[in-house]
Amino acid sequence: MAAERQSSLTETAAMALEQLSDVVQRCQVLSDDGYAAEDHDVFTIAGRTCIEEGNSVQVLSIVLDEQNQDIVRSMGWNLLPPLIQVLLKKEDKNLPQCLAIFNHLLETCRPKELLIGLLEQLEQDDPDPIAESLHLLLNPLQKVLLRLGSRKASSLGMTLSSVLDQVAKLPLPHTKEQEEDDVFSLCRSCTELTAFVRPFVHEVRLNLFNSEEQSGKNELRTELLKFCMQTLTRPLLEAQLKDPDTLPVSPLRNFATEILNTLSAIGQSLSSLVFQPLLKRKQAPGFLEEEVRYPKESLANLAHLVFVHHLAADTFPSVFRTEEIRIQKGLELYEKSLVRVVDGSLPADLLQIKTFLTVPQNLVKVMTMCQRHDLRTKGLKVLQLSIDKFDTGAKYYFFQYMLKTSRHSGVEGYIIKNIRNQIDVALQPGNSNTWFQGVHLLPLLRKVLILPDGPETDLLQYLDRVMESLNLLRYLVIRDKVTENQTGIWTELYKVEDTFMKPLRVGLNMSRAHYERELHDTVETKKSKAKEESILSVAVGDEKLPNMTSDSHVQALHSALHTFDMIESVLVRIEELVEVKENL
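What you see is a predicted model, and the numbers here were worked out from it, not measured in a lab. (Residues numbered from 1 in each chain as written. Predicted model: local features only at pLDDT ≥ 70, side-chain atom pairs only at ≥ 80, totals over all residues. Heavy atoms only, no water.)

Another point: unusual backbone geometry. With an omega of 15 degrees, the peptide bond between arginine 234 and proline 235 qualifies as cis. Position of proline 235 relative to the elements: it lies in the loop between α12 (215-233) and α13 (251-265). One non-glycine residue, aspartate 182, adopts positive backbone phi at about 50 degrees. Counting through the fold element by element, aspartate 182 comes out in the loop between α10 (176-181) and α11 (186-207). A relative accessible area of 19% places aspartate 182 in the buried class. Within the chain, serine 185 stands out as a residue other than glycine whose phi angle is a positive 65 degrees. Judged by relative accessible area, which is 18%, serine 185 ranks as buried. (Helix = DSSP H or I, 4+ residues; strand = E, 2+ residues; numbered from the N terminus. Buried < 20%, exposed > 50% of the residue type's maximum accessible area, 1.4 Å probe, protein only.)

Attention now goes to the side chain of threonine 457. With respect to the secondary-structure elements, threonine 457 resides in the loop between α22 (438-448) and α23 (463-479). Relative accessible area serves as the criterion here: at 3%, threonine 457 is assigned to the buried category. Within the local environment of threonine 457, its side chain forms a polar contact with the backbone oxygen of glycine 454, the two atoms lying 2.7 Å apart. Not counting the four nearest positions on each side in its chain, threonine 457 is found in contact with Leu451, Pro452 and Tyr462. (Polar contact = N/O pair within 3.5 Å; in protein donor to acceptor, adjacent residues only side chain to side chain. Contact = heavy atoms within 4.5 Å.)

So, about the environment of histidine 408. Looking at the element boundaries, histidine 408 is found in the loop between α20 (392-405) and α21 (409-426). Separated by 54 residues in the primary sequence, histidine 408 and tyrosine 462 place their C-alpha atoms 8.2 Å from one another. A distance of 3.1 Å separates a polar atom in the side chain of histidine 408 from the backbone nitrogen of glycine 410.

Take the nonpolar core next. Core analysis: the largest hydrophobic core is formed by 89 residues, its most contacted members being Leu20, Leu118, Phe196, Leu224, Leu232, Leu260 and Leu263. The element best represented in this core is α11, accounting for 9 residues. Other than its neighbours up to four places away in sequence, leucine 224 contacts Leu156, Leu160, Val197, Phe200, Val201, Val204 and Ile266. Grouped together as the second largest cluster of nonpolar side chains are 68 residues, Leu363, Leu385, Val477 and Val496 included. (Core = buried A, V, L, I, M, F, W, Y, C linked by side-chain atoms within 4.5 Å.)

Right, let's get into helix α16 (residues 296-307). Helix length check: α16, at 12 residues, gives a terminal C-alpha distance of 16 Å against a target of 16 Å (1.5 Å per residue), a fit within 8%. All of the buried residues along α16 are Ser298, Leu299, Asn301, Leu302, Leu305, Val306 and Phe307. (Expected span 1.5 Å × (residues − 1).)

For the rest of this paragraph, the subject is the side chain of glutamate 468. The topology assignment puts glutamate 468 in helix α23. Buried charge glutamate 468 goes without a salt bridge, the closest partner of opposite sign being arginine 420 at 4.6 Å. Those residues within four positions of glutamate 468 in sequence are excluded, and the remaining contacts are Gly413, Ile416 and Lys417. (Lys, Arg positive; Asp, Glu negative; His and termini not counted. Salt bridge = Lys/Arg side-chain N within 4 Å of Asp/Glu carboxyl O.)

For the rest of this paragraph, the subject is the packing of aromatic side chains. A complete count under the given rule lists 9 aromatic pairs for this structure. With a centroid separation of 5.3 Å and an interplanar angle of 40 degrees, the aromatic rings of phenylalanine 390 and phenylalanine 398 are classed as tilted. Overall, phenylalanine 398 belongs to the buried group, its relative accessible area being 0%. Centroid distance phenylalanine 399 to phenylalanine 436: 6.1 Å. Interplanar angle 65 degrees. Geometry classified as edge-to-face. With phenylalanine 399 in helix α20 and phenylalanine 436 in the loop between α21 and α22, this pair connects stretches of sequence that are 37 residues apart. Judged by its relative accessible area of 0%, phenylalanine 399 falls in the buried class. Residue class for phenylalanine 436 comes out buried when judged on its relative accessible area of 0%. (Phe/Tyr/Trp six-rings, centres within 6.5 Å; stacked < 30°, edge-to-face > 60°.)

To continue, consider the pattern of salt bridges. Under the criterion given, the structure shown has 22 salt bridges. For the salt bridge of aspartate 374 with arginine 372, the shortest nitrogen-to-oxygen distance reads 2.6 Å. By relative accessible area, which is 41% here, aspartate 374 ends up partly exposed. Judged by relative accessible area, arginine 372 falls into the buried class, the value being 17%. In the salt-bridge network here, residues are joined through shared partners; they are Arg505, Arg512, Asp565, Glu568 and Glu575.

This paragraph deals with empty space enclosed by the protein. Applying the stated rule across the entire model yields 2 cavities of 30 Å³ or more. Here the second largest cavity defines a volume of roughly 30 Å³. As for the second largest cavity, its lining consists of Val24, Phe43, Ile62, Val63, Asn68, Ile71 and Val72. (1 Å grid on protein atoms, 1.4 Å probe; cavity = no way out; pocket = protein on both sides within 12 Å on 5 of 7 lines; lining within 4 Å. Points joined across faces, edges and corners; volume = space filled by probe spheres on them.)

Attention shifts here to the packing of helix α5 (residues 80-89) against helix α8 (residues 127-147). The description of two helices packed together rests on the angle between their axes and the distance between the axes. For the pair α5 and α8, interaxial distance at closest approach is 10 Å and the crossing angle is 115 degrees. In terms of orientation, α5 lies roughly perpendicular with respect to α8. Note that α5 runs across α8; the crossing there is right-handed. When α5 is examined against α8, the residues Ile84, Leu87 and Leu88 are found in contact with a partner set consisting of Glu132, Ser133, Leu136 and Leu137. (Axes fitted to C-alpha atoms, helices over the stretch in contact; angles between N-to-C directions. Parallel < 35°, antiparallel > 145°, perpendicular 65-115°, else oblique. Left-handed = near helix turned anticlockwise from the far one by under 90°.)

Now for α13. The end-to-end C-alpha separation of α13 is 20 Å, in line with the 21 Å expected for 15 residues at 1.5 Å each. Glycine 267 sits one or two residues past α13 and shows a positive phi near 85 degrees.

Another aspect to go through is the environment of valine 342. Within the secondary structure layout, valine 342 lies in the loop between α17 (318-339) and α18 (355-369). Note: C-alpha distance between valine 342 and aspartate 388 (46 residues apart in sequence) is 8.8 Å.

As a packed pair, helix α2 (residues 37-52) and α5 sit with axes 8 Å apart at the nearest point and diverge in direction by 15 degrees. Between α2 and α5, the angle falls in the class roughly parallel. Relative to α5, α2 is oriented so that their crossing is left-handed. Of α5, the residues touching α2 (which contributes Arg48, Ile51 and Glu52) are Pro81, Pro82, Leu83 and Val86. Split into classes, the residues belonging to the contact of α2 with α5 amount to 5 nonpolar, no polar and 2 charged. (Nonpolar A, V, L, I, M, F, W, Y, C, P; charged D, E, K, R; others polar.)

Just distances and angles here, no functional claims.
Structure (structure tokens):
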């Protein structure tokens, strides 16, 4: 049976080779516009069969024959599919011959037809063949596009779009080790993609300042701009870039830097892109809508790369770096002036002076909005230093003011922690402090032990404030005896239960039910789409956030449920402590 099968294959190969030789011989005497549709069909079917059956040596001889170059120029691109399959397998014994045929076709066939043939072979579904196809075909695609001369803009755009569609299918590395080992080949693909666009970027840059620049160059720049915007969304939007301290050589960080450098090289100002959402809409040739040219997700990620990761800092106007320098010098000056002041010496009357309130507000802006981590940390340090300089009365009124104006959960949580520290000092033996005990303390506690929006409060958004409020309440219940009631908490407890503890319990139940239902739906959706990763979208207000993979969404939901468990555990402990101490 095996012998018969082998004989059949041999006959098929021999017949295909004979048909290929016949059609080539017949077409040698014709001009390329004289080839019939049947000639194209026979050449394609017979040529592909010869390659698939291992007759690559004979095909190479036919392809290289000087008499056949017009035929190859017109029909040769049809041989690409079996050639590329052999090149991808690598171990085929006919690999050298197939590679020689492939290279000759790249130099001889019409570039438009070659481009179509190569892009058809680029399309894959699984990560391994995707990465290998990109590795094999990017360089040939570049050569073909360069052969198109000034007519390549639309073809480049089509190619880049197809390539990015494939890159988007590759899994992202999440850990340092995954990026170092390039387990999904995404890093290699991004590096090769950078090399692929380099000659086109160079061409645009050379013509950028030419006053007689042709429209084709403008179109080429347009396609490169669209490419950069697309890469900022995929794959870079969901990529977690590692800091140089964590990963000194990061292919993904290098890729992001190359994209920003490309934008600058083609004459696109990074600062104008960062502030694009604030600029007036304008008509731009080559784009139907402004949102197509500048997608919101791309612009947001660009700002993140520039301000958080400090990529392409040398191409960004120094005025923005100067602003950070001014902030740094202001913090240093204010810190230097504060260290000369004795702790606890500034009275509450000074809070009537506007500066003593506006400066802390500016510190909060630095702590919550500044792009540099070291300046945010410095801002927090200086804020605490300024708090330390107030006397107890000034601290009391300052805490009230900050709780009223900060509108930031992290800042409010920090102030509540300071309040707890002041209460602890006040309760120490020998410390007479009326501001953080009894009658004076209660109005401050009422501002703390309350949910901003009742049971509807977003517990994740207000997590810092809620946890510090619970920690303060737990401290008061443990530290203050029912019989002494120095802080007034035991006579105030029934109000605290109504305004804080009960609404928090209701809010926890509502939030947990919502997130458990969302988790169940997400897991079920993932099960029903086991072979393709489902995509979920999240909206905040009216703004739709970038897509999140189902695995990431599940992880976020589990994290939220864990947070609710953490809040509830503290709340339950407080309820148990209250019951124990009231029954003593």
